[in-house]
Amino acid sequence: MRKQHERGAAMVEFAIILPVLLHLVFGIIEFGRAHNTQLTLTHAAREGVRTYAITQDQAQGEATAEFAATTLDPAQMTITVTPCVIDQPTAMTIQYPFEFFIPFLPSTPITLEAEGVMKCGG
């Protein structure tokens, strides 16, 4: 049996810990979203550099990378490609801005980056 002066203590404790728990849950969700974006960028860079290394057409390689990143906005992607020299490695680097959305916390934008490397000429 609870004492009279302890009534409502659980509710007060819950009210104190609830914001911490909610921020933890939102943080987990946002880091999962950031990880998914990073995986998408990595996949796009690999596909783009593969196309570029085979065709030696930079525009086609960039288009392939943008197409491979279907869930991202291609207008925000910054794609950098090294020149393709036969039998030498070529690289495609993709940068993409990412912003965490956690309620009641200031948003800090970061830039995610992925690189794909492949031997030019197949």
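Keep in mind that what you see is a predicted model, and the values were worked out from it rather than measured.

Undergrad: How should helix α1 (residues 9–55) be read in this particular structure?
TA: Along an α-helix, residues three or four apart share an orientation, since each turn contains 3.6 residues. Between its first and last C-alpha atoms α1 spans 69 Å; for 47 residues at 1.5 Å apiece the expected length is 69 Å, and the two agree. Of all the bends in α1, the greatest reaches close to 35° and is centred on I17; the proline P19 follows between one and four positions later. The first or second residue beyond α1 is Q56, which carries a positive phi of 60°.

Undergrad: Help me out: how do you make sense of a nonpolar patch on the surface in this one?
TA: A grouping of F14, I17, L18, V20, L21, L22, L24, V25, F26, I28 and I29 is seen on the molecular surface, where their side chains present a nonpolar patch of about 990 Å² in accessible area. Looking at where L18 falls in the secondary structure, it is placed in helix α1.

Undergrad: Help me understand unusual backbone geometry in this model?
TA: Peptide bonds are mostly trans, and most non-glycine residues show a negative phi. Of note, the phi angle at Q56 is positive, near 60°, even though the residue is not glycine. Topologically, Q56 is positioned in the loop between α1 and α2 (58–68). Assessed through its relative accessible area of 41%, Q56 is described here as partly exposed. Positive phi, close to 65°, is recorded for F104, a residue that is not glycine. Its place among the elements puts F104 in the loop between β2 (89–99) and β3 (109–119). F104 sits in the exposed class, given a relative accessible area of 81%.

Undergrad: Sorry if this is basic, but what is going on with the packing of α1 against α2 here?
TA: At their nearest, the axes of α1 and α2 sit 7 Å apart, and the two run at 155° to each other. Here α2 runs roughly antiparallel to α1, going by the angle between their axes. Judged by the sense of rotation from one axis to the other, the crossing of α1 with α2 is right-handed. Contacts from H43, A44, E47, G48, T51, Y52 and T55 in α1 reach Q58, Q60, G61, T64, A65 and A68 in α2. Split by residue class, the contact of α1 with α2 holds 4 nonpolar, 8 polar and 1 charged.

Conventions we followed
- Residues numbered from 1 in each chain as written.
- Predicted model: local features only at pLDDT ≥ 70, side-chain atom pairs only at ≥ 80, totals over all residues.
- Heavy atoms only, no water.
- Helix = DSSP H or I, 4+ residues; strand = E, 2+ residues; numbered from the N terminus.
- Expected span 1.5 Å × (residues − 1).
- Bend = angle between axes of the 7 residues up to and from the residue.
- Patch = residues over 30% accessible without salt bridge, like charges linked within 9 Å, V, L, I, M, F, W, Y side chains within 5 Å.
- Areas by Shrake-Rupley, 256 points an atom, 1.4 Å probe, with all protein chains shown as cover.
- Salt bridge = Lys/Arg side-chain N within 4 Å of Asp/Glu carboxyl O.
- Buried < 20%, exposed > 50% of the residue type's maximum accessible area, 1.4 Å probe, protein only.
- Axes fitted to C-alpha atoms, helices over the stretch in contact; angles between N-to-C directions.
- Parallel < 35°, antiparallel > 145°, perpendicular 65-115°, else oblique.
- Left-handed = near helix turned anticlockwise from the far one by under 90°.
- Contact = heavy atoms within 4.5 Å.
- Nonpolar A, V, L, I, M, F, W, Y, C, P; charged D, E, K, R; others polar.

On their own, these measurements won't tell you what the molecule is for.
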